[in-house]
Amino acid sequence: MGAASSREDHLSDSEEEAGEEYDESEEQDDYEDAKDEHTSSSERRIPGKSPSSSSSPLDDIDARLKALKLKYPSKSSVRNAVKLYLHIGGSSPNAKWVISEKLTTYLFVKTSEVGEGVDGDDGSGQDRDDNSGDSWWVLTVGSKIRVVVGQDMQLKSFGDQRRVDFVAKGVWAVKFFTDDEFKAFMRKYQDCLFENTYGYEATDNNKVKVYGKEFMGWANPEAADDSMWEDPGSVTPVRRSQDLREEFEEAADGVGGIQSLTLGALDNSFLVSGSGVQVVKNFSHGIHGKGVYVNFSDGKNFKRGASFAQSTPKKALLMRGETNMMLMSPVADGKPHSTGLHQLDIETGKIVAGWKFEKDGTDITMRDITNDSKGAQLDPSGSTFLGLDDSRLCRWDMRDRHGMVQNLASASAPVLNWTQGHQFSRGTNFQCFASTGDGSIVVGSFDGKIRLYSTNSMRQAKTAFPGLGSPITHVDVTYDGKWILGTTDTYLVLICTLFVDKDGKTKTGFSGRMGNKIPAPRLLKLTPLDSHLAGANNKFHGGQFSWVTEHGKQERHLVATVGNFSVIWNFQQVKDSSHECYRNQQGLKSCYCYKIVLKDDSIVDSRFMHDKFTVSDSPEAPLVVATNKKVSSFSISNKP
């Protein structure tokens with residue numbers, strides 16, 4: 001399948017009640033969805049319905065029931081009164097919102113029982129606090145919804161409409177009758193989310209404990225200094241009318257299909273499968289055409305005597321002017337750790353060495369490797385690269401301790417030289433890392449923390465951003481080090497590293513402590529409906545900036561993968577504090593304006609090609625999207 005806009009239909013309340021025939025003339029409302037006025041907004045392909053009346057349906061219901069002289073409680077007499085809607089039809093042309101309950105109530109309940117069929121409402125009409133053992137805050141709405149308060153809800157608020165949408169075994173919308181009721185719900189939701197995430201009651205003291213005094217803008221984003229988001233060094237204009245056009249699509253070779261995608265900045269890119277590496281050609285409109293195929297099962301390709309695993313590589317790293325590739329395979333399925341790697345000579349198509357990870361004579365493991373800096377893969381003489389394990393950060397050198405290139409022909413498994421790094425005594429739970437243009441390092445951790453290390457030391461982080469409660473599974477950084485993109489299962493977090501030091505100089509958090517005027521991060525999220533359509537078990541992975549390797553050039557887009565979706569955000573638009581998405585929001589600013597590339601199969605990876613492949617009629621280099629079976633290339637073009 002090709003590219004499509006992200007999808008959030010123009011929601012109206014001219015909807016039938018769930019489960020019964022409905023005369024549209026009987027009940028209509030002014031319930032409209034927030035809709036961006038430009039094509040990069042989160043807009044659905046499914047057209048919604050427009051309201052035909054501004055009168056409230058509840059007023060109509062009240063009038064009719066009162067005419068029947070029934071005893072009917074007014075909404076003003078019902079505590080936590082709301083109206084509940086359900087989205088049905090998924091992404092089909094008949095998709096719509098239906099009224100699930102015309103008048104019901106919600107409660108936030110703290111309970112140790114969150115399983116199916118457990119009623120959290122004790123009948124008192126009060127929020128119940130259960131302090132016996134482990135307990136969680138749960139949101140109940142009427143008799144139909146009972147969900148643990150957390151990021152999995154993908155809750156999205158519409159302040160101007162007094163409405164929230166969320167996922168709970170379906171996509172729901174709750175509408176409040178007054179602004180005060182909506183604001184009270186949001187305050188309670190934020191407090192419950194904090195407590196469920198960190199295990200502390202949402203008091204000011206506990207927020208200081210979680211975030212630290214320097215990061216109180218993260219706890220209270222409305223009071224944070226956003227001036228640094230308006231980066232004066234960024235001159236990339238916001239292009240609001242852009243289309244994605246599929247240029248190439250090719251079936252993949254190799255047993256097991258595509259496992260990973262490695263893009264080159266020169267002539268070739270690489271598709272790693274379960275049986276080998278497929279070399280493909282780079283063009284200005286994408287990648288296609290098949291060249292050399294290196295088969296892992298060919299004994300001639302592997303250096304005999306290597307003692308580490310030869311399973312499907314999960315990491316491929318280009319080096320030495322993109323003439324060599326380091327392939328790292330996990331020791332055990334389901335775990336990323338490896339005891340060594342293979343070195344592939346791309347020009348000959350042969351595996352020339354099997355390297356071991358070793359420190360002080362002892363074999364150790366690595367969970368990830370990356371280049372010394374962005375663009376280091378283009379250095380034809382490069383012999384070093386970075387390594388990461390749960391509690392280790394280091395630099396490896398393929399030369400021996402005297403700086404000599406090791407004799408690969410005489411060594412059954414040459415040992416990499418640990419030249420710089422640190423093994424941390426306490427559990428840091430490092431998960432992923434990336435490097436800037438000058439070689440500074442950003443590391444993401446299981447606890448959600450993101451640490452910044454300068455080029456001079458791997459022992460002490462210059463800056464440590466607090467976690468938002470979700471593990472960081474992937475991290476990327478711009479070439480200039482000003483912006484960091486962390487990936488979690490349910491959202492991306494974009495962090496500005498800029499600050500002004502005591503001398504009035506603007507620096508990044510890689511070079512010094514950022515003080516107490518640290519900008520609050522921004523979240524990049526799917527709408528509840530898109531999140532639901534992406535699938536319950538699908539998670540964000542591989543969030544990336546577009547690819548530049550030169551000073552003075554600015555990344556223009558961000559891309560991440562979830563399920564069958566490749567999701568693209570306009571970087572400048574996300575940074576724009578006046579952007580429509582951020583109006584009437586509470587808490588951290590969240591951007592829902594994106595484009596979606598929808599594929600038939602689950603997407604393995606999505607990445608932008610190097611900036612050098614940008615053509616004159618496009619604001620960006622092509623986007624490459626790989627599924628297990630196919631690889632596709634898309635160009636971004638300006639609409640006429």
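What you see is a predicted model, and the numbers here were worked out from it, not measured in a lab. (Residues numbered from 1 in each chain as written. Predicted model: local features only at pLDDT ≥ 70, side-chain atom pairs only at ≥ 80, totals over all residues. Heavy atoms only, no water.)

Caption draft 1: Examining the packing of aromatic side chains more closely. What the rule picks out here adds up to 21 aromatic pairs. Pairing Phe 194 with Tyr 198 gives two aromatic rings, centres 4.9 Å apart and planes at 50 degrees, and the pair type is tilted. Here Tyr 198 and Phe 194 lie together in helix α2 (residues 179-198), a separation of four residues that amounts to about one turn. For the pair Tyr 198 and Tyr 211, a centre-to-centre distance of 5.9 Å together with 75 degrees between the ring planes defines the contact as edge-to-face. (Phe/Tyr/Trp six-rings, centres within 6.5 Å; stacked < 30°, edge-to-face > 60°. Helix = DSSP H or I, 4+ residues; strand = E, 2+ residues; numbered from the N terminus.)

Caption draft 2: Fine view of helix α3 (residues 204-211). Along α3, the residues that are buried comprise Asn 206, Lys 207 and Tyr 211. Buried residues along α3 cover an arc of 120 degrees about the axis, so they all sit on one side. Looking at α3, the residues exposed on the side facing more than 90 degrees away from the buried face are Asn 205 and Lys 209. Considering only its buried residues, α3 is in contact with α2 and α4 (216-219). Positive phi appears at Gly 212, one or two residues downstream of α3, with a value of about 90 degrees. (Buried < 20%, exposed > 50% of the residue type's maximum accessible area, 1.4 Å probe, protein only. Arc of directions from axis to C-beta. Contact = heavy atoms within 4.5 Å.)

Caption draft 3: Here's a closer look at the pairing of strand β40 (residues 623-627). Judged by how many residues are buried, β40 sits mostly within the fold: five of five residues are covered. Bridge analysis of strand β39 (residues 603-608) against β40 gives five bridges, and the strand direction is antiparallel. Paired with Ser 606 across the two strands is Val 625, which belongs to β40. (Pairing = 2+ DSSP bridges.)

Caption draft 4: Quick peek at the sheet that holds strand β15 (residues 324-328). Taken in spatial order, the four strands line up as β14-β15-β16-β17 in an open sheet, and their pairing is antiparallel. Pairing within the sheet leaves two strands with one partner each, and these edge strands are β14 (315-319) and β17 (350-356). Sheet twist, expressed as the average angle between the axes of neighbouring strands with direction ignored, equals 25 degrees. Here five bridges tie β14 to β15, and the two strands are oriented antiparallel to one another. Within β15, the residue paired with Ala 316 across the bridge is Leu 327. (Axes fitted to C-alpha atoms, helices over the stretch in contact; angles between N-to-C directions.)

Caption draft 5: Structural context of the pattern of salt bridges. Under the definition given, this model contains 20 salt bridges. Here Asp 476 makes a salt bridge to Lys 374, at a shortest N to O gap of 3.0 Å. One end of the pair, Asp 476, is in strand β28 (residues 474-477); the other, Lys 374, is in the loop between β20 (368-370) and β21 (384-389), with 102 residues separating them in the sequence. Like Asp 476, the residue Lys 374 is buried in the burial classification. (Salt bridge = Lys/Arg side-chain N within 4 Å of Asp/Glu carboxyl O.)

Caption draft 6: Representation of the environment of Gly 212 within the structure. Within the secondary structure, Gly 212 sits in the loop between α3 and α4. Among the residues examined, Gly 212 registers a relative accessible area of 19% and is labelled buried. When the C-alpha atoms of Gly 212 and Asn 516 are compared, they prove to be 9.6 Å apart, with 304 residues separating the residues in sequence.

Caption draft 7: Looking closely at the environment of Ser 100. Within the element layout of this structure, Ser 100 appears in strand β3 (residues 96-111). Here the alpha-carbon distance between Ser 100 and Lys 144, two residues 44 residues apart in the chain, equals 8.9 Å.

Caption draft 8: Summary view of the nonpolar core. Counting residues in each nonpolar core, the largest one holds 29 residues, and the members touching the most others are Leu 494, Phe 540, Leu 558, Val 567, Trp 569 and Val 574. For this core, the secondary-structure elements that each account for two or more residues are β29 (483-487), β30 (492-496), β34 (540-545), β35 (557-562), β36 (565-570), α6 (571-575) and β38 (595-598). Each residue touching Val 574, except ones within four places of it in the same chain, is listed here: Leu 494, Arg 522, Leu 524, Leu 558, Trp 569, Tyr 582 and Cys 591. Leu 468, Ile 484, Ala 520 and Leu 588 belong to the second largest nonpolar core, which has 28 residues in total. (Core = buried A, V, L, I, M, F, W, Y, C linked by side-chain atoms within 4.5 Å.)

Caption draft 9: Geometry of α2. Its 20 residues give α2 an end-to-end C-alpha distance of 29 Å, which sits within 8% of 28 Å, the value for a rise of 1.5 Å per residue. For α2, every residue scored as buried is listed here: Phe 182, Phe 185, Met 186, Tyr 189, Cys 192, Leu 193, Phe 194, Glu 195 and Asn 196. With its phi angle positive at about 85 degrees, Gly 199 sits one or two positions after the end of α2. (Expected span 1.5 Å × (residues − 1).)

Caption draft 10: Representation of the side chain of Thr 549 within the structure. Mapped onto the elements, Thr 549 comes out in the loop between β34 and β35. There is a polar contact of 2.7 Å between the side chain of Thr 549 and the side chain of His 610. In contact with Thr 549, not counting residues within four places along its chain, are Lys 374, Gly 375, Leu 378, Tyr 479 and His 610. (Polar contact = N/O pair within 3.5 Å; in protein donor to acceptor, adjacent residues only side chain to side chain.)

Caption draft 11: The arrangement of the environment of Asp 372 in detail. Note that Asp 372 resides in the loop between β20 and β21. C-alpha separation for the pair Asp 372 and Ala 434, spaced 62 residues apart in sequence, amounts to 8.8 Å. If we ignore the near neighbours within four places in the chain, the residues touching Asp 372 are Thr 384, Phe 385, Leu 386, Arg 395, Ser 435 and Gly 439. A polar contact of 2.3 Å, which involves the side chain of Asp 372, links it to the side chain of Thr 384. A polar contact of 3.1 Å, which involves the side chain of Asp 372, links it to the side chain of Arg 395.

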